[in-house]
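Chain by chain, the residues:
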Amino acid sequence: MSLQLRLFGGAQSSAGKLSAFNDGSHTIDKSKVLAQTDARVITPKTPGNFSSIRSVPVVPDPRYFTKEEADAMKGLAHEKTNGARQSKRAYKALTKIEAADKTVHQQHRKYEGAVAENELGKKRADVGLAKKLHGLRPGYARLGLGIDKADSNARTRIDEIKAKLTGGSN
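So, here's what we can say about the structure. Worth saying up front: this structure is predicted, and the values here are computed from it rather than measured.

## Overview of the layout of surface pockets
Moving on, step 1. Taken as a whole, the second largest pocket encloses approximately 230 Å³ of empty space.
Moving on, step 2. Surrounding the second largest pocket, T37, V41, E98, D101, K102, V104 and H105 form its lining.
Moving on, step 3. When grouped by side-chain class, the residues that make up the lining of the second largest pocket number two nonpolar, two polar and three charged.

Rendered as structure tokens:
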């Protein structure tokens, strides 16, 4: 079987053969990778509603205002100016929070990448050891056969000695 077929297309049974884990397949779901972190986050697919804020209606035509209207608008302008100042502070804080969340997210992904990379390194070391051990098998087989032969030779000699001492009968 070709190496490419073994790696990418020829999943076989167990006993050291290829399995779904090491055949090059994956379960990385692109839709999960690209999923929004929140349903309301702004992306090209969810651009928001482009809403705005309008505290007073647009004056469509030139007009004169009364003193009461002008005083009310001046009070409202002061209130909205203060509100804008506080909103600016709040949005600045929200921006910092988002930046901090992004930093934590990025560092966590960096950590996960290191874990995945180190896991691969560990598996490479395990495979290296497995290959080394398989390479030692013939040597151990030779040693085992040598022991079996020595045992057989010893038994043969013992049987010969017994035969001599007992006069040929067991």
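## Quick notes on unusual backbone geometry
Moving on, step 1. The backbone of F50 shows a phi angle near 55°, a positive value even though the residue is not glycine.
Moving on, step 2. Position of F50 relative to the elements: it lies in the loop between α2 (30–33) and α3 (67–166).

## Examining the pattern of salt bridges
Moving on, step 1. All chains considered together, the criterion is met by six salt bridges.
Moving on, step 2. A salt bridge links E112 to R109; the nearest nitrogen and oxygen atoms lie 2.7 Å apart. Separated by three residues within a single helix, E112 and R109 lie in helix α3, roughly one turn from each other.
Moving on, step 3. Put simply, R155 and D151 hold a salt bridge, and the shortest N to O gap is 3.4 Å. Of this pair, R155 and D151 both sit in helix α3, four residues apart, which is roughly one turn of the helix.
Moving on, step 4. Look at R155 and you get exposed, because its relative accessible area is 53%.

What counts, and at which threshold
Residues numbered from 1 in each chain as written. Predicted model: local features only at pLDDT ≥ 70, side-chain atom pairs only at ≥ 80, totals over all residues. Heavy atoms only, no water. 1 Å grid on protein atoms, 1.4 Å probe; cavity = no way out; pocket = protein on both sides within 12 Å on 5 of 7 lines; lining within 4 Å. Points joined across faces, edges and corners; volume = space filled by probe spheres on them. Nonpolar A, V, L, I, M, F, W, Y, C, P; charged D, E, K, R; others polar. Helix = DSSP H or I, 4+ residues; strand = E, 2+ residues; numbered from the N terminus. Salt bridge = Lys/Arg side-chain N within 4 Å of Asp/Glu carboxyl O. Buried < 20%, exposed > 50% of the residue type's maximum accessible area, 1.4 Å probe, protein only.

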